[in-house]
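Okay, here's what each chain looks like letter by letter:
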Amino acid sequence: SQQGEEDPQALSIQEGENATMNCSYKTSINNLQWYRQNSGRGLVHLILIRSNEREKHSGRLRVTLDTSKKSSSLLITASRAADTASYFCATGPWAGNMLTFGGGTRLMVKP
Amino acid sequence: NAGVMQNPRHLVRRRGQEARLRCSPMKGHSHVYWYRQLPEEGLKFMVYLQKENIIDESGMPKERFSAEFPKEGPSILRIQQVVRGDSAAYFCASSPPSMASSYEQYFGPGTRLTVT
């Protein structure tokens, strides 16, 4: 089974609205990362939050991490049509370097 | 500063043929990871390599799949005797050398393998 599970699986909003995606994971982590994937393309790294951090901002992105609940959220404020993509959370373990990905949230922002 | 390069971008193979996927990491990166993505799913880790060494192949099928990262040249993921179930997007990622675990990984554009 996957380490990370995103919720919701699909999200459709109007341009200008905020989009919130959640990710839950199962085992202890060193860090949690969010990636974006446009249809048929590779992954673009968005933001990394370490296990000792609670919140991080990057432009219109805000990520929170709650290690007690083993969950994270990604908030995209003032969404744009260009934000339409799939968003994945990935966890990095304490030992080893591989990332474990969730199933993704497919976000559609309507103009 | 070129990113992670993968080729070919699209590969079509008939059942039973061999598929060879290439990955050139970012300049200065010595860690390479291969992931597979089935349609509508997230990426699944396959193998983690450093130059001339396989560090973790826990995600790689035991048969038909192999990977290498030679001293010179790109990393190669080889799939022998491909079957339809091997059809997927294969992504390579790289990261810089570090003593700490789990740094950001930089992904290539992927190779989309179709087995007919």
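Procedures and definitions
- Residues numbered from 1 in each chain as written.
- Chains lettered and ligands numbered in written order.
- Predicted model: local features only at pLDDT ≥ 70, side-chain atom pairs only at ≥ 80, totals over all residues.
- Heavy atoms only, no water.
- Helix = DSSP H or I, 4+ residues; strand = E, 2+ residues; numbered from the N terminus.
- Rg over C-alpha atoms; globule rule 2.2 N^0.38 Å.
- Buried < 20%, exposed > 50% of the residue type's maximum accessible area, 1.4 Å probe, protein only.
- Areas by Shrake-Rupley, 256 points an atom, 1.4 Å probe, with all protein chains shown as cover.
- Pairing = 2+ DSSP bridges.
- Axes fitted to C-alpha atoms, helices over the stretch in contact; angles between N-to-C directions.
- Contact = heavy atoms within 4.5 Å.
- Buried area = accessible area lost by both parts, 1.4 Å probe.
- Salt bridge = Lys/Arg side-chain N within 4 Å of Asp/Glu carboxyl O.
- Polar contact = N/O pair within 3.5 Å; in protein donor to acceptor, adjacent residues only side chain to side chain.

Asker: I'm lost on the overall build of chain A in this one. Help?
Answerer: Tallying secondary structure elements over chain A gives 0 helices and 11 strands in all. What you see in chain A, going N to C, is helices and strands ordered as β-β-β-β-β-β-β-β-β-β-β. Since a compact globule built from 111 residues should have a radius of gyration of about 13 Å, the 13 Å found for chain A is in line with a globular shape. Dimensions along the principal axes, computed over C-alpha positions, put chain A at roughly 45 × 25 × 20 Å. The 111 residues of chain A split such that 49% are buried. Within the structure as shown, chain A displays about 5,100 Å² of accessible surface, and the carbon and sulfur contribution to it stands at 48%.

Asker: Mind showing me how you'd approach the pairing of strand β9 (residues 88–95) of chain B here?
Answerer: Remember that side chains alternate between the two faces of the sheet whenever the strand is regular. All names here are of chain B. Burial within β9 is extensive, with 8 of its 8 residues counted as buried. Burial of β9 is two-sided: the residues A88, Y90, C92 and S94 facing one way and the residues A89, F91, A93 and S95 facing the other way are all buried. Strand direction decides the pairing type here: strand β4 (residues 31–37) and β9, joined by 7 bridges, are antiparallel. Note that in β9 the partner of V32 across the bridge is S94. Two strands pair when backbone bridges link them, and β9 and strand β10 (residues 106–107) are joined in this way by 2 bridges, in the antiparallel orientation. Counted as the bridge partner of A93 is F107 from β10.

Asker: Got a minute to help me understand unusual backbone geometry in this structure?
Answerer: As a rule of thumb, non-glycine residues mostly have phi less than zero, and peptide bonds are mostly trans rather than cis. The residue after D7 of chain A, namely P8 of chain A, is reached through a cis peptide bond having omega 0 degrees. Mapped onto the secondary structure, P8 of chain A falls in the loop between β1 (5–7) and β2 (10–14). Omega for the bond connecting N7 of chain B with P8 of chain B falls within 30 degrees of zero, at -5 degrees, which places this linkage in the cis form. Mapping P8 of chain B onto the fold places it in the loop between β1 (5–7) and β2 (10–13). With a phi close to 45 degrees, A78 of chain A is a non-glycine residue in the positive phi region. Looking at the secondary structure, you find A78 of chain A in the loop between β8 (71–76) and β9 (85–92). Its relative accessible area of 39% is what places A78 of chain A among the partly exposed residues. Despite not being glycine, R64 of chain B shows a phi value in the positive range, around 75 degrees.

Asker: Before we go on, may I ask you to explain the sheet that holds β1 of chain B in this structure?
Answerer: Each strand in a sheet pairs with another by means of backbone hydrogen bonds, the pair being arranged parallel or else antiparallel. Residue and element names in this part refer to chain B. Spatial ordering of the open sheet is given by β1-β3-β8-β7, a layout of 4 strands whose pairing is antiparallel. Each edge of the sheet is formed by a strand with only one pairing partner; in this case those strands are β1 and β7 (65–68). Mean inter-strand twist for the sheet, computed between neighbouring axes without regard to direction, equals 15 degrees. The pairing of β1 with strand β3 (residues 19–24) spans 3 bridges and is antiparallel. The residue bridging N7 from the neighbouring strand is R22, located in β3.

Asker: Please explain the interface of chain A and chain B as it appears in this structure.
Answerer: Often, the extent of an interface is quoted as the loss of accessible area upon association of its parts. Contact residues are listed per partner, giving 25 residues for chain A and 24 residues for chain B. Of the roughly 1,800 Å² buried between chain A and chain B on both sides combined, carbon and sulfur atoms contribute 48%. In this assembly, chain A and chain B are joined by 0 salt bridges. Remark: the boundary between chain A and chain B carries 4 residue pairs in polar contact (both at pLDDT 80 or more).

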